[in-house]
Amino acid sequence: MRERNEMILADLIAARAEQKPDRDVLTFERWSISGGALADEVRTYADLFANGHRVAAALIARGMEPGDRFGLMMRNHPEFVEAMIAASITGCVFVPIDPRTRGEKLAYMLQQSGCRGVICTDYCLPHIDAVRERLSHLRWLLVLRTGEGEEPVSLERVPLLNEVLEGPPKTVDMRLRSPDDPLQIIYTSGTTGDPKGVVFPNARFGLFGMLGALLGYQPDDRPYTGLSLTHGNAQAVTLGPSLHMALRAVFSRRFTKSKLWDVCRRYGCTTFSMLGGMATAIYSEPPRPDDADNPVRMVVDAGMPAAIWEAFEKRFNVKIFEWYGAVEGGLAFKPVGVGPIGSFGKPVPGLEMKIVDENDNECPPGVIGEIVSRPATGEAATVEYFGNPEASQAKTRGGWLRSGDMGHRDEEGWFFFDYRKGGGIRHNGDFINPGFVEKVIAEHPSVSDVFVYGVPAASGAPGEKDVVAAVVPAAGGEFDPASIFAKCRRDLEPNFVPTYLQVVDEIPKTVSEKPQERFLLEQFRPDAPNVYTEQRVGCG
């Protein structure tokens, strides 16, 4: 009999189903989307084992062989995890796709990865149908009926995942050959070109399970996330450690900043995960008397702006565990109460990280360069982009993983993120830290969300940028751009005051809640009616 290996998801679930079959390890709360009208979806280890095998049998019945790919497109439903387990059992490879994806990007991801089938929800089905004729590999669909879409969708003659899961128990022989066999292909956001699919072996998800110890999770912790399981963060910070340590995790369908603390209180969540622009968005919410009255002891964050770090901790009575990493690798962390505010920490044991200039010379402390990393043994870093060996080689040129992030380190070896390569805001000779600007604007009562970026300076000076603050007005109030400019003049250095306020309905964000600057840039026009300057509103 094959020996179990808990680095393999299917083996981990099988072991825990024997050890703790009734442990309610995953709760997919629906209170936040229904006000209690819909019951939560709870999964025990026994449920995950049984349903994982049912889905595995359905994959095999559709002719799926080890190594074959299928798309997985839905919000945070328990069936997402069960399909992951099925992939691990069968040796198939799932391709997680943000349910907001559509059109050319959706077609590209499904076609480039060669998906033979798709498991999706009813509200995603119209987007699949719209591109289906372009997908030469696609042979089958399995649709989860949820009734949660904004518009009714006809499911006549469509095979339903619900019927698979309601069917008789199945037991499928494990077909995975090795932990090194691929489990999933996670696509990058594609902000600078076509998305690239990072191939994740089964063993890497096993490492996610081990992250609980690094993050300092305790046996009685209850992690929470509203981040999408289609992104590596939700899998690494919440799902993997919870499955490994039986931590009773809670998932929301999606991140909702206005209901975050209420969800944590209702379910007794002690940790949650933040990314991208989430911290500023949460901080922008109007202060409430009970902000500090919550069960959360620690927030696991990647990208906490230094400007609001201590104010965030104080207001919400939490501690920040800061970490850094990308879907391709390069992990570093700063435990609670250790190291300087604003740092993302130091590399994990077994990893070497440094800052290099454009000629690959290591930068001295305080000098900004690209963040690169490799195994501490000196072996070359490796990344596999599916079907794209040229991009794989470029990402690991010279044996170092090229992050594309610009940062610096201090004299004690603490690392700091500064901006994405090719980004940064240099205004009137000063480097502008967007976090300071965002903090001041986020504290204005008429602002619901804010993101600061740069546009080429109207002066035409090479390398110079004007500062733009994209602002989402708070609901139900009167928006007064003049008062925002006045607050910035009062609380910021002159060069940090935004040149423009760009009023938008929402900040466009990736599945990982990272603001998408390029869409704001496409919409920006200095003379547009939604763009304000101090002169235009009579401030100067």
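Anything mentioned here points back to the structure above.
Reference entry: report on the structure contained in this document. Here the structure is a predicted model, which means the values were calculated and not measured.

**Some words on the side chain of Asp-291**
- Mapping Asp-291 onto the fold places it in the loop between helix H11 (278-284) and strand E12 (298-302).
- At 3.0 Å, the side chain of Asp-291 forms a polar contact with the backbone nitrogen of Arg-288.
- In contact with Asp-291, not counting residues within four places along its chain, are Arg-265, Arg-315 and Phe-316.

**Concerning the packing of helix H1 (residues 9-19) against helix H3 (residues 45-61)**
- Relative to each other, H1 and H3 sit at 135°, their axes nearing to 8 Å. As summarised for this structure, H1 and H3 are arranged oblique, according to the angle between their axes. The interaxial crossing formed by H1 with H3 has left-handed handedness. Taken together, the residues of H3 that come into contact with H1 (itself represented by Ile-13, Ala-14, Arg-16 and Ala-17) are Tyr-45, Ala-46, Leu-48 and Phe-49.
- Broken down by class, the residue content of the contact of H1 with H3 amounts to seven nonpolar, no polar and one charged.

**A word on the nonpolar core**
- Counting 142 residues, the largest nonpolar core has Leu-26, Phe-70, Ile-119, Leu-243 and Phe-312 as its most contacted members.
- Here this core gets eight residues from one element, more than from any other, and that element is helix H4 (residues 78-90).
- Beyond its immediate chain neighbours, meaning those up to four positions away, Ile-119 contacts Val-55, Leu-59, Phe-70, Gly-71, Leu-72, Met-73, Met-74, Ala-83, Trp-140, Leu-142 and Leu-161.
- Counting 13 residues, the second largest nonpolar core, distinct from the first, contains Val-455, Val-468, Leu-520 and Ala-528.

**Quick word on the sheet that holds strand E17 (residues 369-375)**
- With antiparallel pairing, the four strands of this open sheet are ordered in space as E16-E17-E18-E19. Strands with a single pairing partner mark the edges of an open sheet, and in this sheet they are strand E16 (351-356) and strand E19 (415-420). This sheet shows a mean twist of 50° between the axes of neighbouring strands, independent of strand direction.

**Examining the pattern of salt bridges**
- Inspection of every chain in the model, using the stated rule, returns 34 salt bridges.
- Residues Asp-290 and Arg-265 are paired through a salt bridge, measuring 3.7 Å at the closest nitrogen-oxygen approach. Of this pair, Asp-290 sits in the loop between H11 and E12 while Arg-265 is found in helix H10 (residues 260-267), placing the two residues 25 residues apart along the sequence.
- A relative accessible area of 27% places Asp-290 in the partly exposed class.
- Between Arg-315 and Asp-291 there is a salt bridge, and its shortest N-O distance comes to 2.9 Å. In this pair, Arg-315 is assigned in helix H12 (residues 306-316) and Asp-291 in the loop between H11 and E12, connecting sequence segments 24 residues apart. Both residues of the pair, Arg-315 and Asp-291, belong to the buried class.

**So, the packing of aromatic side chains**
- Under the criterion given, the structure shown has 14 aromatic pairs.
- Their ring planes at 70° and their centres at 5.7 Å tell us that Phe-205 and Phe-208 sit as a pair that is edge-to-face. Of this pair, Phe-205 and Phe-208 both sit in helix H8 (residues 202-215), three residues apart, roughly one helical turn.
- Residue Phe-205 is classed as buried on the basis of its relative accessible area of 4%.
- Here the aromatic cluster, defined as three or more aromatic residues joined through ring pairs, consists of Trp-261, Phe-272, Phe-312 and Phe-316.
- Note that Arg-75 overlies the ring of Tyr-123, its terminal NZ or CZ placed 4.1 Å from the centroid.
- Above the ring of Tyr-283, the side-chain terminus of Arg-315 is found at 5.6 Å from the ring centroid.

Thresholds applied
Residues numbered from 1 in each chain as written. Predicted model: local features only at pLDDT ≥ 70, side-chain atom pairs only at ≥ 80, totals over all residues. Heavy atoms only, no water. Helix = DSSP H or I, 4+ residues; strand = E, 2+ residues; numbered from the N terminus. Polar contact = N/O pair within 3.5 Å; in protein donor to acceptor, adjacent residues only side chain to side chain. Contact = heavy atoms within 4.5 Å. Axes fitted to C-alpha atoms, helices over the stretch in contact; angles between N-to-C directions. Parallel < 35°, antiparallel > 145°, perpendicular 65-115°, else oblique. Left-handed = near helix turned anticlockwise from the far one by under 90°. Nonpolar A, V, L, I, M, F, W, Y, C, P; charged D, E, K, R; others polar. Core = buried A, V, L, I, M, F, W, Y, C linked by side-chain atoms within 4.5 Å. Buried < 20%, exposed > 50% of the residue type's maximum accessible area, 1.4 Å probe, protein only. Pairing = 2+ DSSP bridges. Salt bridge = Lys/Arg side-chain N within 4 Å of Asp/Glu carboxyl O. Phe/Tyr/Trp six-rings, centres within 6.5 Å; stacked < 30°, edge-to-face > 60°. Lys NZ or Arg CZ within 6 Å of the ring centre and 35° of its normal.

On their own, these measurements won't tell you what the molecule is for.
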